[in-house]
Amino acid sequence: MNGWIIMDKPVGLGSTQAVAAVKRVCREAGLGKVKVGHGGTLDPLASGVLPIALGEATKLCGRMLDASKVYDFTIAFGTETAGLDAEGDVVATSDVRPRLSEIAAILPRFTGPIEQVPPAYSAIKIDGERAYDRARAGETVEMKARAVTIYALAILPGTGRGTTEGGGGAGEGSRFVDTPGKPPVPLHHASHGPPPRTGEELEEITLTAYVSKGTYIRSLARDIARAVGTVGHVTMLRRTKAGPFALDQAISLDKLNAFGQGAAQSEIFLPLEAGLVDIPALDLSPEAAGAIRQGRVWTGGSTQDGLYWGRDADDRPVALIEALAGTLKVVRGFNL
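First things first, this report covers the structure right here in the doc. The residue numbers shown here count from 1 along each chain, following its written sequence. Only residues with pLDDT of at least 70 get local features here, since the model is predicted, and only at 80 or more are side-chain atom pairs given and counted; chain-wide, interface and lining totals rely on the full set of residues. Working from all heavy atoms in the structure, the side-chain values ignore hydrogens and water.

### Description of unusual backbone geometry
Within the chain, L84 stands out as a residue other than glycine whose phi angle is a positive 60 degrees. By the element assignment, L84 lies in the loop between β5 (79-81) and β6 (90-93). Residue L84 is classed as buried on the basis of its relative accessible area of 4%. Positive phi outside glycine occurs at D315, with the angle close to 65 degrees. Each helix corresponds to a stretch of at least 4 residues labelled H or I by DSSP, and each strand to a stretch of at least 2 residues labelled E; elements are numbered beginning at the N terminus. Relative to the assigned elements, D315 resides in the loop between β19 (306-311) and β20 (317-324). Buried residues are those whose accessible area, probed at 1.4 Å on protein chains only, stays under 20% of the maximum for their type, while exposed residues exceed 50% and partly exposed ones sit between those limits.

Structure (structure tokens):
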């Protein structure tokens, strides 16, 4: 078992619990002890794409943590909570409700490289302790601003103005369509229904964001609400894409459990190289593959400098490889 299970994680299940569920199901399927890890924490109150790596694919979890992600999220206006989500205590209120045009006008301010202050209720460590542990103990936690990048941010169709479907390149299952030379825009379908009127005051709105690693959507929601003169918190958070993996590749918890009861492995399992589709493949000669499997630098190649995943004559992944000045050096090897 060297590959991926992409789970559509339900609300209420933690990422660690999801990993435990995969381990349990693998045992039930008679696979014995399998090394399992996840590619990016998803809060219990959030749902959506959670890549879970098995076997040699766990060596790619670090890359997955660093990958960009896409989220849909709903901001409820009028109350801000301590955790900036639906479970926290209310810490601020406002009678102000923004209009659709006001939301649309300020989104460019939150697109591109920005600084944001993470929530106090987060897993960031401060002096060796998780911030949320300090916050739950009643401490006033001072969080430092951090640099993140919002590649695209838009009102989700059905709650605001959208575009017609077209283009391609954002990945199947993504909420965005890419047009060369323009920022990604959200898909729109007639089934989403009419958007609210521009002059209508909104109790809530749903946005979609394509973001870099380290971005806190709860902080983004807080800052957007404050920018339009009110306060707000997240009531719905759904990850629709994580690195190369999208919702159309994800399986439900029920389908995962069915694997433990005898369902076909092909219905839930993706190969290791599915996590490498954003990196070019490099075909290796038998001699080069042998040297790289031994961790040796291979010289004499003419490959353009950059990161590759090397494959042998049987199309098996051999290693992540850095090509530099005619040499191939192992970044991470796979024992397949």
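After that view of the structure, there is still more to cover.
### Topic: the nonpolar core
Residues V22, F73, L153, L207, L220, I224 and L256 are the most contacted members of the largest nonpolar core, which totals 48 residues. It is helix α1 (residues 15-28) that contributes the most residues to this core, 6 residues altogether. Between two residues, a contact is recorded if the distance between any of their heavy atoms is within 4.5 Å. Each residue touching F73, except ones within four places of it in the same chain, is listed here: L153, I205, T206, L207, T208, A209, I217, L220, A221, M236 and L237. Working definition of a nonpolar core: buried Ala, Val, Leu, Ile, Met, Phe, Trp, Tyr and Cys residues. They are joined through side-chain atoms within 4.5 Å. Grouped together as the second largest cluster of nonpolar side chains are 18 residues, I6, A53, L272 and A274 included.

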